[in-house]
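Observations on the model geometry
If you want the building blocks of each chain, they are given just below.
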Amino acid sequence: MAITVIETWYLNDESAGQATTVMQRMDDALGDNAHAHPGWNGHAIFLQDDADPHLVTWQYSWRSKEDHQDLLASEESLAEPLYRKYCTRPRHIRYATELEVEVEHDH
């Protein structure tokens, strides 16, 4: 069953002010590695927090948690320079499983 990966990136002041450009650079740096992995299950969306623009969330589907952890083993060396240049600390990664809740009914 596919899982949802939720990454929180902690941008420095300069990067928060140009988050779209920074996220594109990060995606360019990490994307090919992820897309080549057999666990890849679709493109990410990028969400900048309204209350704190230093926080940017990446959300995307992945084939399994184990496959994503395998990706991380090959990705961390690519992410390290991004942390140093654009962030105040490394990203935080969480996993979520979608609940099958019926939303198409009358109340």
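Structure: above.
What you see is a predicted model, and the numbers here were worked out from it, not measured in a lab.

Concerning the pairing of strand E2 (residues 45-48)
Relative to strand E3 (residues 55-62), E2 is paired through four bridges, and the arrangement is antiparallel. Paired with glutamine 48 across the bridge in E3 is valine 56. Where E2 folds back onto E3 in an antiparallel hairpin, the turn is made up of six residues.

Side note on the layout of surface pockets
A volume near 180 Å³ is recorded for the largest pocket. Lining the largest pocket are 16 residues, with Asp27, Ala34, His35, Ala44 and Trp58 positioned closest to its centre. Secondary structure elements with two or more residues in the lining of the largest pocket: helix H2 (19-36), E3 and helix H3 (65-86). The dominant element in the lining of the largest pocket, judged by the number of residues it contributes, is H2, at five residues. Its residues assigned to classes, the lining of the largest pocket shows nine nonpolar, four polar and three charged.

As for the sheet that holds E2
Taken in spatial order, the four strands of this open sheet run E2-E3-E1-E4, and their pairing is antiparallel. Whereas interior strands pair on both sides, the edge strands pair on one side only; in this sheet they are E2 and strand E4 (87-96). Neighbour to neighbour, the strand axes of the sheet diverge by 20° on average, direction disregarded. As judged from the seven bridges shared by strand E1 (residues 3-11) and E4, these two strands associate in the antiparallel manner. Opposite isoleucine 6, over in E4, you have arginine 94 as the bridge partner. Contacts from H2 reach E1, E2, E3 and E4 within the one sheet, and its direction differs from that of E3 by about 30°. This element, H3, spans E1, E3 and E4 of the sheet and lies at about 160° to E4.

About the criteria used
- Residues numbered from 1 in each chain as written.
- Predicted model: local features only at pLDDT ≥ 70, side-chain atom pairs only at ≥ 80, totals over all residues.
- Heavy atoms only, no water.
- Pairing = 2+ DSSP bridges.
- Helix = DSSP H or I, 4+ residues; strand = E, 2+ residues; numbered from the N terminus.
- 1 Å grid on protein atoms, 1.4 Å probe; cavity = no way out; pocket = protein on both sides within 12 Å on 5 of 7 lines; lining within 4 Å.
- Points joined across faces, edges and corners; volume = space filled by probe spheres on them.
- Nonpolar A, V, L, I, M, F, W, Y, C, P; charged D, E, K, R; others polar.
- Axes fitted to C-alpha atoms, helices over the stretch in contact; angles between N-to-C directions.
- Contact = heavy atoms within 4.5 Å.

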